[in-house]
Amino acid sequence: MIDLEAHLRHRRDVEGRKLFVPYVSGGLDDDWVDLVRAFADAGADAIEIGIPFSDPVMDGPTIQEASVRALERGTTPGIVITELRGVADEIGIPLIVMTYYNIVFRAGHERFARELAEAGISGTILPDLPLEESGPWAAVAESAGVANILLAAPTAPDERLPRICEAARGFVYAVSLLGVTGERQSLANTAVGMATRLKAVTDRPVLIGIGISTAEQAVEACTVADGVIMASALMRLRLNGASVQEVADAARRVRKAIDG
Amino acid sequence: MGAPTAEGRFGRFGGRFVPETLVPACQQLEAAFIDAWADPTFRHDYEELLRTYANRPSLLSECGRLSERLGLRLLLKREDLNHTGSHKINNVLGQALLAKRMGKTKLIAETGAGQHGVASATAAALLGMECVVYMGEVDMARQALNVFRMRLLGSEVRPAMSGSRTLKDAVNEAMRAWVSDIGDTHYLLGSVMGPHPYPWMVREFHRVIGDEAREQCRAQTGGDPDVVVACVGGGSNAIGIFSGFAELPQVRLVGVEPAGGAAVGRGVPGVVHGMLSYLMQDEFGQVQEAESISAGLDYPGVGPEHSHLADIGRAQYFAVTDDEVLDAFELLARTEGIIPALESAHALAWVSRERASLRGQTVVLNLSGRGDKDVAQVQAILDGRSAQ
């Protein structure tokens, strides 16, 4: 399995590039794994895969719609993980699953970590498992070689950020704004400030996510952050009928833009 | 019943499973509540509002005809007589006062049947605050009159259009709204659920029900009841009345869930809406949709302290069917001249079903709300039956 943090640090520190993490809703359609591969071709540094959950409280309309569509197709956590088996090794890019904690809790920490590791999945993002609740899962994940990424939000007082960065593995997910996932007209004025606060207290990669919708916004975010995560804007294209290639082309434009 | 652990746990249940954005807000709320609840001025202001505005103490009514019919002694804790027609006012007055004390100007709330939404809109009007209530689109249709009431009181009602479009989804929408607008907004959660400190704080605001009922029962009957029974959706009215009797081990505590939403009875531990508790879910962890005749109990989870009380055996939980509830609804109307909320009728449905085993016992039942809001729905169901 690819070590997520080592991989991202290498790309940031040795290759000197900004990091780009696009998102795919697992089980969205028949071609979703092709989109994972296409994102790798388009220059992703890691790829985030959503496991759909019935009650995604951190997600706005686009990811909600994608989750509903995936669930209606009968998508289960096991199906998503199984279909990803071996993909990371094949594309040479680490995969991260994003889901909600009940999916992990229901499966059981040990079983879920083992299934991720066996599929070659390098990390987890669980937006409803904040620092204080994350210990038991993070420990089990770490012993399986899976990095549990933590989110840091603009509401956090200064003293909280170092504790989040210390406990995070893989990278620190900087929440750009007060809000849930979804496309926005412009980069939130809290985004760069959030990255600045985090970069001041950690050497781990800091990636900005939530609301990054255009290549221009990604460039702006990368003036301070080590990279960006882009989900809703890409999934909106797919939900509106864009082909795998067209969505990958949109990702490639972001890649090129942040490469400058 | 004591305070939860510092991590917000009741036994193995509870906690604070919320997006990182909300964690500082939950911590601030916890600190503000601890401070206010220990402050005699806050307690005095709160108790004065309960007395002069909400019409507390509520009565404990002997049911002469119904007791005779069931072969037991039934006393009703009349939360239906509170201002706004249910127990919900106890919690909203406490939380709205607290929000004001914290300098918040806006309230958001979720509602199922509309009782908590109406109570929230009422508190917002009384204290001069803005209020937005999230309500499932299905529930808005079922409870159109309550939607109008909230608007009349100056609140905005926004439909929750995702998922089953009922209470569960209204909570999701309210949490998303809170994430987006956290600075000057307080989330006025309507039950003993959600992330710490809500399950504890909301219980404390409802414990007045149990404290009053215990003293009234002693004054009126000369002793403590054999059984205390209440309906359970999220479980706020039940926790409120249980908290007055939990220290009395001889008093049996019974929570009654709808058969289509029996989180304690049919659920397994899970995490949703910020808490670890019994939850109706599938084998993969997807939350199932509850189905009940009463919108207020249409919830797949339950407050974490109920899960704990069930685990340690201090309270028992049983389920009743919609048909049993309708029978109880009519029974109370005809024998006592009281039309109960469909939610509260669940508790009576259990008493009625268990009348043989409860024979001769004294039963205190929390009549958590009045049934005016349900009359049109029940009429449609009963008309449909007689047409068949």
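What you are looking at is a predicted structure, and each value in this text was computed from that prediction instead of being measured. (Residues numbered from 1 in each chain as written. Chains lettered and ligands numbered in written order. Predicted model: local features only at pLDDT ≥ 70, side-chain atom pairs only at ≥ 80, totals over all residues.)

> Is there a simple way to explain the sheet that holds strand β10 (residues 252-258) of chain B in this structure?
Across a sheet, paired strands are connected by hydrogen bonds in the backbone, their directions being either parallel or antiparallel. Residue and element names in this part refer to chain B. Pairing is mixed in the open sheet, where six strands are placed in the order β3-β4-β14-β9-β10-β13. The open sheet has two free edges, formed respectively by β3 (60-62) and β13 (315-320), since each of these has just one partner strand. Taking each pair of neighbouring strands and ignoring which way they run, the sheet shows an average axis angle of 25°. Pairing analysis gives six bridges linking β10 to β13, with the strands arranged parallel. Residue pairing for β13: L253 is matched across the bridge by A315. (Pairing = 2+ DSSP bridges. Helix = DSSP H or I, 4+ residues; strand = E, 2+ residues; numbered from the N terminus. Axes fitted to C-alpha atoms, helices over the stretch in contact; angles between N-to-C directions.)

> Explain the domain arrangement of chain B here, please?
It is common to give the size of an interface as the accessible area lost on bringing the parts into contact. All names here are of chain B. You can read the domains of chain B as domain 1 (10-49 + 88-198) and domain 2 (57-86 + 207-387). Using C-alpha coordinates to define each centre, domain 1 is positioned 22 Å away from domain 2. Taken together, the contact between domain 1 and domain 2 spans 34 residues of the former and 37 residues of the latter. Ranked by the residues each element gives to the side of domain 1 that touches domain 2, the list is headed by strand β2 (residues 13-17), at five residues. When grouped by side-chain class, the residues that make up the side of domain 1 that touches domain 2 number 14 nonpolar, 15 polar and five charged. (Domains from an automatic or database assignment. Contact = placed C-beta atoms within 7 Å. Nonpolar A, V, L, I, M, F, W, Y, C, P; charged D, E, K, R; others polar.)

> Sorry, what's going on with the pairing of β2 of chain B here?
Regular strands have side chains that alternate between both faces of the sheet. Residues and elements named next belong to chain B. Taken across its five residues, β2 has five buried, putting it largely inside the fold. As defined by bridge partners, strand β1 (residues 9-10) adjoins β2 across two bridges and the pair is classed as antiparallel. Each bridged residue has a counterpart across the sheet, and for F10 the counterpart in β2 is F13. Connecting β1 to the antiparallel partner β2 that follows it, the hairpin turn spans two residues, and G11 within it adopts a positive phi of roughly 60°. (Buried ≥ 20, exposed ≤ 12 C-beta atoms within 10 Å, placed from the backbone.)

> Looking at this structure, how should I read helix α2 (residues 40-52) of chain B?
What sets the pattern is the α-helix's 3.6 residues per turn: residues three or four places apart point alike. Residue and element names in this part refer to chain B. If you check α2, its first and last C-alpha atoms are 18 Å apart, about what 13 residues at 1.5 Å a residue would give, namely 18 Å. Inspection of α2 places Y46, L49 and L50 among the buried residues, and these make up the whole buried set. Projection of α2 onto a plane perpendicular to its axis shows the buried side chains occupying an angular sector of 100°, all on one side. Pointing more than 90 degrees away from the buried face of α2 are the exposed residues P40, T41, H44, E48, R51 and T52. Residues of α2 that are buried sit in contact with α4 (88-101) and α9 (198-221). (Expected span 1.5 Å × (residues − 1). Arc of directions from axis to C-beta.)

> Mind showing me how you'd approach the packing of helix α3 (residues 61-72) of chain A against helix α12 (residues 232-239) of chain A here?
Relative placement of two packed helices is described by the angle separating their axes and the distance separating the axes. All names here are of chain A. One can describe the packing of α3 onto α12 by two numbers: an axis separation of 9 Å at closest approach and a directional angle of 50°. The angle between α3 and α12 places the two elements in the oblique class. Pair α3 / α12 crosses with left-handed handedness. Of α12, the residues touching α3 (which contributes T62, I63, E65 and A66) are S232, M235, R236 and L239. For the contact of α3 with α12, the class distribution of residues is four nonpolar, two polar and two charged. (Parallel < 35°, antiparallel > 145°, perpendicular 65-115°, else oblique. Left-handed = near helix turned anticlockwise from the far one by under 90°.)

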